[in-house]
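Understanding the architecture of this molecule
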Amino acid sequence: MLATRALSLVGKRAISTSVCLRGGHGVAKVEQYTLPVYFDRRENPLPDICYVQTLSPEQKSLKEKEKGSWAALSNEEKIALYRISFKQSFAEMNKGSSEWKSVIGGMLFFIGLTGLVVFWQRKYVYGPVPHTFDPEYKAKELQRMLDMRINPVEGFSANWDYENKQWKK
Amino acid sequence: MSLPKPVMRGLLAKRLRFHLPIAFTLSIVAALMFKYSVTEPRKKAYADFYKQYDSVKEYNRMREAGIFESVRPSGE
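For the structure given in this document, a descriptive report is provided here.

**A closer look at the overall build of chain B**
Across its full length, chain B carries two helices and zero strands. As presented, chain B carries roughly 7100 Å² of accessible surface, and 63% of it is formed by carbon and sulfur atoms.

**Some points on the overall build of chain A**
When you go through chain A residue by residue, the secondary structure sums to seven helices and two strands. What you see in chain A, going N to C, is helices and strands ordered as α-α-α-α-α-α-α-β-β. For chain A, the residues scored as buried account for 10% of the 169 residues in total. Counting only contacts in chain A whose residues sit at least 6 apart along the sequence, the fraction spanning at least 24 positions is 32%. Of the accessible surface of chain A, which amounts to about 14300 Å², a share of 63% is contributed by carbon and sulfur atoms.

**Here we look at the pattern of salt bridges**
The tally for this structure, following the rule as stated, stands at 13 salt bridges over all chains. Residue K43 of chain B is joined to E40 of chain B by a salt bridge in which the shortest nitrogen-to-oxygen separation is 3.2 Å. In this pair, K43 of chain B and E40 of chain B are both assigned in helix α1 (residues 11-51), three residues apart and thus about one turn of the helix distant. Counted as one network, the salt bridges with shared partners bring together R149 of chain A together with E58 and R61 of chain B.

**Quick word on the environment of K65 of chain A**
Residues and elements named next belong to chain A. With respect to the helices, strands and loops of the structure, K65 is situated in helix α3 (residues 57-66). Classification of K65 by relative accessible area gives partly exposed; the value is 35%. Aside from chain neighbours lying at most four places away, what touches K65 is A72, L73 and E77. Within polar-contact distance, the side chain of K65 engages the side chain of E77 at 2.9 Å.

**Concerning the side chain of D161 of chain A**
Mapping D161 of chain A onto the fold places it in strand β1 (residues 160-161). Once residues within four sequence positions are removed from consideration, D161 of chain A is found in contact with Q166, W167 and K168 of chain A.

**Examining the interface of chain A and chain B**
Of the residues lining the interface, eleven residues belong to chain A; the matching set on chain B comes to eleven residues. Together, the buried faces of chain A and chain B total about 1000 Å²; carbon and sulfur atoms form 62% of this surface. For the pair chain A and chain B, the interface holds two salt bridges. The partner of E154 of chain A in a salt bridge is R42 of chain B, with the nearest N and O atoms 3.1 Å apart. Elements that contribute at least two residues to the side of chain A that touches chain B include exactly α4 (75-85) and α7 (135-147) of chain A.

About the cut-offs
Residues numbered from 1 in each chain as written. Chains lettered and ligands numbered in written order. Predicted model: local features only at pLDDT ≥ 70, side-chain atom pairs only at ≥ 80, totals over all residues. Heavy atoms only, no water. Helix = DSSP H or I, 4+ residues; strand = E, 2+ residues; numbered from the N terminus. Areas by Shrake-Rupley, 256 points an atom, 1.4 Å probe, with all protein chains shown as cover. Buried < 20%, exposed > 50% of the residue type's maximum accessible area, 1.4 Å probe, protein only. Contact = heavy atoms within 4.5 Å. Salt bridge = Lys/Arg side-chain N within 4 Å of Asp/Glu carboxyl O. Polar contact = N/O pair within 3.5 Å; in protein donor to acceptor, adjacent residues only side chain to side chain. Buried area = accessible area lost by both parts, 1.4 Å probe.

Nothing here speaks to function; it is geometry throughout.
Structure (C-alpha cells):
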C-alpha cells in the first residue's frame, strides 16, 4: 500500500529514468520458456507461432510469392507453405499408435506381480484365522441360520428342505 | 486439391435424431425385461409363501430350536 502511494507521488516518468540511469540493467533477460511455443493439438488448431522460425532463402522467396495471387501457386508450393507454418497435419497428429498394447501388458504384469506379493503375505505374514472358521463351528452357525429361518421366501432357508433335513434338489 | 466442403452445422442434431429413439427404446425394453423377469416372480413368490404361512407354528419351531433368549424351549 505504501509502495503504491509512494509511486503515485514520484510519478511514472521518474521510475523509467531511474532505470535508464542504471544503464539498462533493470530489464530482465527474456527466458526461452516464457516465449510462445509451437504445439500440434486437435483441440487448439492454430498454434501461437509458426513451426519454422528461421526461413531458408527458397522459403523466403516462397513467402514473397504468397503475397500475390494464391491461384498462381502450384500444389507443391501450397504444401511447402503449409509445412512452414505447421509441423504435422491433422491426419498425422490424430493417427493412433500401438502404445495401448504396451500399456495393457505392463498393467497385467504388475497386477500379476502384486498377486504374488499378496499370496506370499497371506502365507508368511498373517497369523492363523480365528476359531470361528473351524468346520464344526461353521456347521453350528449354519444350523442356527436355518433355525432362524434366514430369508425363507427366496433366499437362504428357501433352499433347505426342512422335512428331509437336506438342501432342496 | 479441391475437396468438397465438409458438413459444418447440425452435427449434434443429426446425432440425436439417430441415437435418441434408440436410447429410449433400449431403456424401456431394459425396464420391462427387469419388471417381468425379476419383480413379478418376486411378488408371486412372496404371495405364495404367505398364503400357507402359519406364524404360530413357525414361532414354536424356532423356540424349540433354542434360538430365542427371552423364551427357552418348552423342555427347560
